[in-house]
Number of protein chains: 2
Amino acid sequence: MRIPIVRDVLEESNARAQENHALLNKFGICTVNLMSSPGSGKTTLLARTISELNKSALRCAVIEGDITSTLDSERLQPLGVPVVQVNTDPFGGDCHVGSHFVQGALKYLELDKLDYLFIENIGNLVCPAEFYLGEHERVVVLSLPEGEDKPLKYPLMFRECNLCLLNKVDLAPHLEVSAERFTENIHKINGALRVISISGKTGEGFEEWMTWLQTRRADHLSRHGLKAAEEA
Amino acid sequence: MRIPIVRDVLEESNARAQENHALLNKFGICTVNLMSSPGSGKTTLLARTISELNKSALRCAVIEGDITSTLDSERLQPLGVPVVQVNTDPFGGDCHVGSHFVQGALKYLELDKLDYLFIENIGNLVCPAEFYLGEHERVVVLSLPEGEDKPLKYPLMFRECNLCLLNKVDLAPHLEVSAERFTENIHKINGALRVISISGKTGEGFEEWMTWLQTRRADHLSRHGLKAAEEA
């Protein structure tokens, strides 16, 4: 007699992520998974990022992940871009956005009218690093007030990401930290991780971040032999 | 034919927590589980807290929870108090301290020589709230740079705790936040949660926090009809 075994949860998660990835590739949507601790400033960064991309006629949407509340989605409303809120509370209060949530959220977006999709993950420097959602880029936001030792204490996130945005650099004069020591510790964990010092408040570092985003998108489009989504 | 079922993980976790609780009660050790996001300043707070308690001849030990590294334990070394480092990395990189880790760590401590035990949980504002370790007090540390909306977005932590230390209040002049709005949001989630504004850096709020700790300890000792551990 064979005892049925529940299908491996991570396998199921990865299968859905692959489906998401294929769909995003089909429409040429460069998708960025933004991860960080609570309060690193992801939403402020995101609002400014979308404003900047819109100036270059690049169209964005956001999947906003939270355990509960629509606070971050509300903060993005004035931008007038599509935002889909994903709340994990009714599903046990998951501590990360899962690929099945992204799959569900994609149904609410007009994919043929997008250049970028940002997934703002749940504020958690641990668990989200373990779950691939189908994105093209994984970006960790680390803020100066969190302290220089964080890459050493939460290494997986820094191994799994393609870029680190070192945020709130405007606070440097008021803190006993240095961006250089942050970067040294990041590179102890992942020597290849690009680090951009940035401030969602003052706009410092945005030129470099915008260039990175546009270069990465061009790279993905050419790699998959895709045209950009039809201009609106 | 009966199919064996693996014993409920949470039930197992709670059973071990109860054993820890009984042991801590037996020795009259007031045990505080400190939880927060990464970088809220728990270790700095803890170092100052232990120094202050030592001045009153109150003896402390620490169980230091991290996924990896012994950085926080090293920061506490100069205090000369017993510190047991718990690393979850070899056990799958658990995102919280589990009651079985505490049980293991207690074996390394001379319990008859302690008044307080602090468990510094892994930096994570989500998952640790779900796991009872056998402690007497659950304290959430929230730092001003994290932003006033955090209690609304991560409500479970604020429902599950007995005290909130609102840390890094020395940074208030440099941030667009107010301790009052933080407290309002905390009380929307849990109207009974005591909030102490504090700074691990300047010592602001420590008198109130020390009084709270000593009152809670006296309460636990009298409730369980216990004497304090024998003075050294």
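Residues numbered from 1 in each chain as written. Chains lettered and ligands numbered in written order. Predicted model: local features only at pLDDT ≥ 70, side-chain atom pairs only at ≥ 80, totals over all residues. Heavy atoms only, no water.

A word on helix H2 (residues 42-55) of chain A. Residues and elements named next belong to chain A. The terminal C-alpha atoms of H2 lie 20 Å apart, and with 14 residues this matches the ideal 20 Å at 1.5 Å per residue to within 8%. Those residues of H2 not exposed but buried are Lys42, Thr43, Leu45, Leu46, Thr49, Ile50 and Leu53. For H2, the arc enclosing every buried residue in end-on projection is 150 degrees, short of the 170-degree limit, so these residues lie on one face. The positive-phi residue at the C-terminal boundary of H2 is alanine 57, with phi of around 60 degrees. (Helix = DSSP H or I, 4+ residues; strand = E, 2+ residues; numbered from the N terminus. Expected span 1.5 Å × (residues − 1). Buried < 20%, exposed > 50% of the residue type's maximum accessible area, 1.4 Å probe, protein only. Arc of directions from axis to C-beta.)

A word on the packing of H2(A) against helix H8 (residues 206-223) of chain A. Residues and elements named next belong to chain A. Contact pair H2 / H8: the axes reach a minimum separation of 11 Å and the direction vectors enclose 65 degrees. Judged by the angle between their axes, H2 and H8 are roughly perpendicular. The crossing of H2 and H8 is right-handed. Along the contact surface, H2 presents Leu45, Arg48, Thr49, Glu52 and Leu53, while H8 presents Phe206, Trp209, Met210, Leu213 and Gln214. (Axes fitted to C-alpha atoms, helices over the stretch in contact; angles between N-to-C directions. Parallel < 35°, antiparallel > 145°, perpendicular 65-115°, else oblique. Left-handed = near helix turned anticlockwise from the far one by under 90°. Contact = heavy atoms within 4.5 Å.)

All names here are of chain B. The strand order E3-E2-E4-E1-E5-E6-E7 describes an open sheet built from seven strands, whose pairing is parallel. This sheet does not close on itself; its edge strands, each paired only once, are strand E3 (83-87) and strand E7 (194-197). The sheet shows a mean angle of 20 degrees between the axes of neighbouring strands, taken without regard to direction. Of the strand pairs in this sheet, strand E1 (residues 30-36) and strand E4 (residues 116-120) are connected by five bridges, and their pairing is parallel. Looking at the pairing, cysteine 30 lines up with tyrosine 116 of E4. (Pairing = 2+ DSSP bridges.)

At an RMSD of 0.0 Å, chain B and chain A line up after a rotation of 180 degrees and a shift of 0.0 Å along the axis. Within this description, the copies of the chain are treated as partners about a two-fold rotation axis. Interface residue correspondence from chain B to chain A reaches 100%, placing this contact among same-surface, isologous pairings. (Least-squares fit on C-alpha atoms with pLDDT ≥ 70 in both.)

All right, on to H8(A) then. Residue and element names in this part refer to chain A. For H8, with 18 residues, the first-to-last C-alpha span of 25 Å sits near the 26 Å given by 1.5 Å per residue. When H8 is considered as a whole, its buried residues turn out to be Phe206, Trp209, Met210, Trp212, Leu213, Arg217, His220 and Leu221. In an axial view of H8, the angular spread of the buried residues amounts to 160 degrees, which keeps them on one side of the axis. Those residues of H8 that are exposed and aimed more than 90 degrees away from the buried face are Glu207, Ser222 and Arg223. At its buried positions, H8 is contacted by strand E1 (30-36), H2, strand E4 (116-120), strand E5 (137-143), strand E6 (163-167) and strand E7 (194-197).

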